[in-house]
Amino acid sequence: MRRFLIAGNWKMNTVQGSAESLAGELAAAATSEEAGVEVLVCPPAPYLIPVREKIAGSAVRLGAQDVYFEAPGAFTGEICSEMLQDCGCTFVLIGHSERRAIIGETDQLINSKVRAALAAGLTVVLCVGEQLSEREAGQTEAVLDRQMEGGLEGISEQEAAAVVIAYEPVWAIGTGVTATPDQAQSAHEHLRSWVAARYTPEFAAGIRILYGGSVKPDNAESLLGQPDVDGALVGGASLKGNLFIPIIDAARKLAE
Ligand code: 13P
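Residues numbered from 1 in each chain as written. Predicted model: local features only at pLDDT ≥ 70, side-chain atom pairs only at ≥ 80, totals over all residues. Heavy atoms only, no water.

### A word on the packing of helix α1 (residues 16–29) against helix α2 (residues 48–55)
- Interhelical geometry of α1 versus α2 gives an angle of 30° and a closest axis separation of 8 Å. In terms of their interaxial angle, α1 and α2 are classed as roughly parallel. Once α1 is placed against α2, the crossing between them reads as right-handed. Across from Gln16, Ala19, Glu20, Ala23, Gly24 and Ala27 in α1, the residues of α2 making contact are Pro50, Val51, Lys54 and Ile55.
- Per-class residue counts for the contact of α1 with α2 are six nonpolar, two polar and two charged. (Axes fitted to C-alpha atoms, helices over the stretch in contact; angles between N-to-C directions. Helix = DSSP H or I, 4+ residues; strand = E, 2+ residues; numbered from the N terminus. Parallel < 35°, antiparallel > 145°, perpendicular 65-115°, else oblique. Left-handed = near helix turned anticlockwise from the far one by under 90°. Contact = heavy atoms within 4.5 Å. Nonpolar A, V, L, I, M, F, W, Y, C, P; charged D, E, K, R; others polar.)

Below is the structure:
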């Protein structure tokens, strides 16, 4: 049985005070390890340490929103895996669609980041997803295949044990338009088959595939209830305890 992962991606939001109070709310809502649900929070880099202090002793995991692939050195503005670990991170998001579209990250760069993060011992949440025009042109599966092939190139099954996939259709991010449970399930099923073909069916049965894109308390249960949906990567609703905690509760209910 795959354990649900409910992850909050705060993106470029919060200031130290709001980051600390939100982290405190989450720590109070996830005080101890649970067999069925894991909770992750990914604050902006400057608030990793204050958030770490607030979630200390709780079951909430800490993750970063990006990482650079090089070892420490002359890379102005960048942050490497070792620094993230030093700040208490065990997870890192890589290849978020905003970084692909706005910053211009390529599959090749994303692959370098995945390799470096895995080599350092971080768990990678590799984000993939098609744009609306690609979906309308019937290219969804081809786009997902290309992003998976690119992102996981050269990654062995043993290394991929520390990879979580996040399916985030770009047209559903921050738009209030959510993929229907059927659309999510169909993409997740396709991603799991890709993993089965690339690795093994046994490995594919264990890998976690999260859905992201306008997840809210009122749609969480129907999305998380799909057989191949193993969690959620939540943007907007992760910025409010009274929206994020009910999403965790939806996973708890399904995990019972
Ligand atoms: P929203 O939940 O705001 O749509 O964002 C999803 C997302 O991009 C999470 O990484």
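The structure having been displayed, the exposition proceeds.
### Brief notes about unusual backbone geometry
- In this model, Lys11 sits at a positive phi of 55°, which is unusual for a non-glycine residue.
- If you trace the backbone, Lys11 turns up in the loop between β1 (4–9) and α1.

### Structural notes on the site of the ligand
- Surrounding the ligand, one finds 13 residues, the nearest of these being Lys11, His96, Gly174, Ser214 and Gly236.
- A distance of 2.8 Å is found between an oxygen atom of the ligand and a side-chain nitrogen or oxygen belonging to His96.
- Between the ligand and Ser214, the relevant distance is 2.8 Å, taken from an oxygen atom to a main-chain nitrogen or oxygen of the residue.
- Alone, the ligand offers 310 Å² of accessible surface; in the complex the protein occludes 97% of this.
- In terms of residue class, the shell around the ligand is built from four nonpolar, seven polar and two charged. (Near = heavy atom within 4 Å. Polar contact = N/O pair within 3.5 Å; in protein donor to acceptor, adjacent residues only side chain to side chain. Areas by Shrake-Rupley, 256 points an atom, 1.4 Å probe, with all protein chains shown as cover.)

### A look at the sheet that holds strand β4 (residues 91–94)
- What the eight strands build is a closed barrel, ordered β1-β2-β3-β4-β5-β6-β7-β8; its pairing is parallel. For this sheet, the mean angle separating the axes of adjacent strands, direction not counted, is 25°.
- Sheet analysis places strand β5 (residues 123–128) next to strand β6 (residues 163–167), joined by five bridges and oriented parallel. Its bridge partner lying in β6, Leu126 is registered against Ile165.
- On the sheet, α2 packs against β2 (37–42) and β3 (60–64) and is oriented at approximately 175° with respect to β3. (Pairing = 2+ DSSP bridges.)

### So, the nonpolar core
- Core analysis: the largest hydrophobic core is formed by 70 residues, its most contacted members being Leu152 and Ile165.
- Non-local contacts of Leu152, meaning those with residues more than four positions away in its chain, are made with Asn111, Val114, Leu126, Val163, Ile165, Trp194, Arg198 and Tyr199.
- Val125, Cys127, Val164 and Leu210 belong to the second-largest nonpolar core, a separate cluster that totals twelve residues. (Core = buried A, V, L, I, M, F, W, Y, C linked by side-chain atoms within 4.5 Å. Buried < 20%, exposed > 50% of the residue type's maximum accessible area, 1.4 Å probe, protein only.)

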